[in-house]
Amino acid sequence: VSQWLEKPRGKRPPSPHPTMRELHLPNRRRAQKFVTLEDLALELHTQISLTDTVESLKWKLSSQKFCPIQNIHFTISGREIPNTCQLRDHLDMHTRFLLNWHSPIA
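Okay, so let's go over this structure. The residue numbering used here restarts from 1 in each chain and proceeds along that chain's sequence as written. Local features in this predicted model are restricted to residues of pLDDT 70 or higher, and side-chain atom pairs are both shown and tallied only at a pLDDT of 80 or more, whereas totals for entire chains, interfaces and linings draw on every residue. To obtain the side-chain values, all non-hydrogen atoms of the structure were used and water was disregarded.

## A few points about the overall build of the protein chain
Item 1. Assigned secondary structure in the protein chain consists of 3 helices and 4 strands.
Item 2. Counting from the amino terminus, helix and strand elements in the protein chain follow one another as α-β-α-α-β-β-β.
Item 3. Taking all 106 residues of the protein chain together, the buried fraction comes to 26%.
Item 4. Sequence-distant contacts in the protein chain: of pairs separated by 6 or more residues, those separated by 24 or more amount to 66%.
Item 5. In short, Shrake-Rupley with a 1.4 Å probe defines the accessible areas, and a residue's cover is counted only from the protein chains shown. A total of about 8,500 Å² of accessible surface is found on the protein chain, and carbon and sulfur atoms cover 54% of it. Each helix corresponds to a stretch of at least 4 residues labelled H or I by DSSP, and each strand to a stretch of at least 2 residues labelled E; elements are numbered beginning at the N terminus. Buried means the residue's accessible area, taken with a 1.4 Å probe over protein chains only, is under 20% of the maximum for its type, while exposed means over 50%, and partly exposed covers the values in between. What makes two residues a contact is simply this: any of their non-hydrogen atoms within 4.5 Å.

Rendered as structure tokens:
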């Protein structure tokens, strides 16, 4: 009976899905998430003004994520927000939008 109660030492329990493994892709850093401007302000440790342009916010993200600006995309309702417009034209501080970025730099 004691053999059933003791846990084996030094061995990992078998995986429930032994054929499923994580695929490691080197030099692939990416993120896709729904955020608000408040979320980004907290993440970037900065203040965001609604009179800022989309491109200026992308510059801040680019420097933190080590990602080229052309690889950062803001979309709302499936449409990309242009870089030249001001944030207030499409967003307010509480509007959720999709932030999508990917970086070739590891």
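Resuming the write-up.
## Observations concerning the pairing of strand S2 (residues 72–76)
Item 1. Here, strands pair whenever DSSP counts at least two bridges between them. Here 4 bridges tie S2 to strand S4 (residues 97–103), and the two strands are oriented antiparallel to one another. Within S4, the position partnered with Thr75 by the bridge is Leu98.
Item 2. In the sheet, S2 pairs with strand S3 (residues 79–80) via 2 bridges, with the strands oriented antiparallel. Bridge assignment links Thr75 to a residue of S3, and that residue is Glu80.
Item 3. Between S2 and S3, which pair antiparallel one after the other, the connecting turn spans 2 residues, and Ser77 there sits at a positive phi close to 55 degrees.

## Topic: helix H3 (residues 54–65)
Item 1. To estimate how far a helix should reach, multiply one less than its number of residues by 1.5 Å. For H3, with 12 residues, the first-to-last C-alpha span of 16 Å sits near the 16 Å given by 1.5 Å per residue.
Item 2. Considered for burial, the residues of H3 that qualify are Val54, Leu57, Lys58, Leu61, Ser62 and Lys65. Seen from one end, H3 has its buried residues packed into an arc of 145 degrees, which puts them on one side. What points out from H3, more than 90 degrees from its buried face, is the exposed set Trp59 and Ser63.
Item 3. At its buried positions, H3 is contacted by strand S1 (29–35), helix H2 (37–44), S2, S3 and S4.
Item 4. Residue Phe66 follows H3 closely and has a positive phi angle near 55 degrees. The arc under discussion is defined with respect to the helix axis, by the directions toward the C-beta atoms.

## Description of the side chain of Ser103
Item 1. Positionally, Ser103 belongs in strand S4.
Item 2. The exposure class of Ser103 is buried, given its relative accessible area of 3%.
Item 3. Pairing of N or O atoms within 3.5 Å defines a polar contact, subject to two protein rules: one partner must be a possible hydrogen donor and the other a possible acceptor, and residues neighboring in sequence count only if both atoms are side-chain atoms. Reaching out from Ser103, the side chain makes a polar contact with the backbone oxygen of Phe66 at a distance of 2.8 Å.

## Some remarks on the pattern of salt bridges
Item 1. A carboxyl oxygen of Asp or Glu within 4 Å of a side-chain nitrogen of Lys or Arg is what we treat as a salt bridge. Scanning all chains against the criterion turns up 3 salt bridges.
Item 2. Two residues, Lys33 and Glu43, come together in a salt bridge whose shortest N-O distance is 3.1 Å. With Lys33 in strand S1 and Glu43 in helix H2, this pair connects stretches of sequence that are 10 residues apart.
Item 3. Salt bridges here are not isolated pairs; linked through shared partners, they connect Lys33, Glu43 and Lys65.

Interpretation in functional terms is not warranted from these geometric data alone.
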